[in-house]
Amino acid sequence: GLKGIVEKVQIRFDMTPDGVNHVYCNDKEVTTEIRTEAVSMQASKTSKNMVVRDGLMGLQRRLGEAGGVVLEGRDIGTVVFPNADVKIFLTASETIRAKRRYDELVGKGETPELEKVLQDLKDRDHADMT
């Protein structure tokens, strides 16, 4: 079942000489796909599944156990690495965050609507708090 998939999935990162960090899932490059709005919204829903959550937390901890990493995410400093040497918590208004996300998506060639990006952000924030 799902636990077997989570245990077998292989995720790796490869930093190229030009400074681009490529992400691979089972040897398939997924760098672009994982940063789409559709995946972002699905990630919020999927991460509520404890099998997925525990599996990803184990992966994140293995990636960071040697130190020297910079990780971002809602639970990185509180749940995944509560004893990290350095933690930085940034805040911004929903409007500013939506504009940043909108600009990021446009830069990737997507054609989002700013109001939808803002609503998706609010929905994800709400889902992550409940």
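Residues numbered from 1 in each chain as written. Predicted model: local features only at pLDDT ≥ 70, side-chain atom pairs only at ≥ 80, totals over all residues. Heavy atoms only, no water.

Q: How should the pairing of strand S1 (residues 11–15) be read in this particular structure?
A: Looking along a regular strand, one sees side chains alternate from face to face of the sheet. The sheet contact formed by S1 and strand S2 (residues 21–25) spans 5 bridges and is antiparallel. Considered in S2, the bridge of Arg12 is made with Tyr24. The hairpin formed by S1 and S2 contains 5 residues between the paired strands, and Gly19 there has a positive phi angle of roughly 85°. (Pairing = 2+ DSSP bridges. Helix = DSSP H or I, 4+ residues; strand = E, 2+ residues; numbered from the N terminus.)

Q: Would you take a moment to explain the packing of helix H2 (residues 37–46) against helix H6 (residues 114–129) for this structure?
A: Two numbers describe a pair of packed helices, the interaxial angle and the distance between the axes. Their axes nearest at 9 Å, the elements H2 and H6 cross at an angle of 20°. By the angle between their directions, the pair H2 and H6 is classed as roughly parallel. In this structure, the crossing between H2 and H6 has a hand that is left-handed. On H6, the residues that touch Glu37, Ser40, Met41 and Ser44 of H2 are Asp120, Asp123, Arg124, Ala127 and Asp128. A per-class count over the contact of H2 with H6 returns 2 nonpolar, 2 polar and 5 charged. (Axes fitted to C-alpha atoms, helices over the stretch in contact; angles between N-to-C directions. Parallel < 35°, antiparallel > 145°, perpendicular 65-115°, else oblique. Left-handed = near helix turned anticlockwise from the far one by under 90°. Contact = heavy atoms within 4.5 Å. Nonpolar A, V, L, I, M, F, W, Y, C, P; charged D, E, K, R; others polar.)

Q: What exactly am I supposed to notice about a nonpolar patch on the surface here?
A: Nonpolar side chains collect at one region of the surface, where Leu2, Ile5 and Val51 lie side by side and expose about 250 Å² of accessible area between them. Relative to the assigned elements, Val51 resides in helix H3 (residues 50–64). (Patch = residues over 30% accessible without salt bridge, like charges linked within 9 Å, V, L, I, M, F, W, Y side chains within 5 Å. Areas by Shrake-Rupley, 256 points an atom, 1.4 Å probe, with all protein chains shown as cover. Salt bridge = Lys/Arg side-chain N within 4 Å of Asp/Glu carboxyl O.)

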